[in-house]
Every structure is written in C-alpha cells, then in structure tokens.
Amino acid sequence: MRTLFALWAAPLALFWGWFFLSLNDINFGYVMLSRQLHDLVFQLYGEMLGIDPVLIPGMVAKACIFDSLLLMAFWAFRRRRVIGSWIRIMRDRYFGQASTPSA
C-alpha cells in the first residue's frame with residue numbers, strides 16, 4: 001500500500017506544485033515555471049480537448065479528488081477489520097457498554 005500511496009502522491013505533488021508556482025509566476029529563473037509556459041500548456045490542452053482552457057484545472061482537481069476517494073476506499077477495504085474494531089472500541093468508550101445490573 002505504501003508504494004501505491006507513493007505512486008499516487010508523487011504525480012499530484014509534481015502537478016499541483018508546478019501549477020501553483022507557474023500560476024503565480026514564481027519561476028526561480030526556470031522557464032518551466034513561468035506564467036507564459038503555464039498559459040501555453042493549458043491553451044494547447046484546451047485546443048486538443050476542444051474546451052476552454054480555464055476549465056482544465058477544475059477538471060483535474062475533480063479527477064484528483066475522485067482518485068483520492070477511490071484510493072481511500074481501497075485502503076479502508078483492506079483494513080476493514082482494524083477499522084471495525086476501532087469503531088467498536090470508540091463506541092463503547094463514548095456511549096458505554098450495555099451494562100448488566102448487578103445485584
């Protein structure tokens with residue numbers, strides 16, 4: 001699972017890091033992080049997809065959220081017994097066990 005999380009997080013960190021640095025033109029002298037390249041990349045993607053380039057970051061964000069939820073569902077399914085026992089422990093701790101009256 002660690003490898004899967006790393007393979008999921010690395011591209012997200014790279015893309016969103018590039019996106020926000022280039023969007024704000026924080027380029028550190030690299031052309032790759034310039035606002036001009038940012039606009040060019042999204043213009044090209046917009047032309048290839050046939051949509052307005054302004055819509056692309058929102059579409060990517062929705063895909064990232066969906067992928068994140070799907071990955072968390074896989075993780076929760078694999079750890080369902082541990083999560084279930086944790087839920088039972090928390091329920092008993094905060095809502096009390098069904099105690100039997102003692103005589």
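Residues numbered from 1 in each chain as written. Predicted model: local features only at pLDDT ≥ 70, side-chain atom pairs only at ≥ 80, totals over all residues. Heavy atoms only, no water.

Participant: What exactly am I supposed to notice about the packing of aromatic side chains here?
Facilitator: Aromatic ring pairs are reported here in terms of the distance separating the ring centres and the angle at which the planes meet. Per the stated rule, a full pass over the model turns up nine aromatic pairs. An angle of 70° between the planes, with centres 6.3 Å apart, marks the rings of Phe5 and Trp8 as edge-to-face. In this pair, Phe5 and Trp8 are both assigned in helix α1 (residues 2-23), three residues apart and thus about one turn of the helix distant. Overall, the relative accessible area of 24% leaves Phe5 in the partly exposed class. (Phe/Tyr/Trp six-rings, centres within 6.5 Å; stacked < 30°, edge-to-face > 60°. Helix = DSSP H or I, 4+ residues; strand = E, 2+ residues; numbered from the N terminus. Buried < 20%, exposed > 50% of the residue type's maximum accessible area, 1.4 Å probe, protein only.)

Participant: It is not clear to me how the packing of α1 against helix α3 (residues 56-78) should be interpreted in this structure. Could you clarify?
Facilitator: Angle between the axes and distance between the axes: these two values describe a pair of packed helices. For the pair α1 and α3, interaxial distance at closest approach is 12 Å and the crossing angle is 160°. Taken together, the axes of α1 and α3 lie roughly antiparallel to each other. Along this stretch, α1 crosses α3, giving a crossing that reads as left-handed. Residues Leu4, Phe5, Trp8, Leu12, Phe15, Trp16 and Phe19 of α1 form the contact with α3, whose own contacting residues are Pro57, Val60, Ala61, Cys64, Asp67, Ser68, Leu71, Met72 and Trp75. Of the residues assigned to the contact of α1 with α3, the class counts are 14 nonpolar, one polar and one charged. (Axes fitted to C-alpha atoms, helices over the stretch in contact; angles between N-to-C directions. Parallel < 35°, antiparallel > 145°, perpendicular 65-115°, else oblique. Left-handed = near helix turned anticlockwise from the far one by under 90°. Contact = heavy atoms within 4.5 Å. Nonpolar A, V, L, I, M, F, W, Y, C, P; charged D, E, K, R; others polar.)

Participant: Help me out: how do you make sense of α3 in this one?
Facilitator: One turn of the α-helix equals 3.6 residues, which is why residues spaced by three or four share an orientation. Across its 23 residues, α3 extends 33 Å between first and last C-alpha, which sits within 8% of the 33 Å expected from 1.5 Å per residue. Looking at the buried residues of α3, the elements they touch are α1 and α2 (35-49). (Expected span 1.5 Å × (residues − 1).)

Participant: So what exactly am I meant to see when it comes to the pattern of salt bridges here?
Facilitator: One side chain can pair with another of opposite charge once the charged atoms of both are near each other. Following the criterion strictly, the structure yields one salt bridge and no others. In this structure, Asp39 and Arg35 form a salt bridge, with 3.1 Å as the shortest nitrogen-oxygen distance. Residue Asp39 and its partner Arg35 are located together in helix α2, separated by four residues, close to a single helical turn. The exposure class assigned to Arg35 is partly exposed, which follows from its relative accessible area of 30%. (Salt bridge = Lys/Arg side-chain N within 4 Å of Asp/Glu carboxyl O.)

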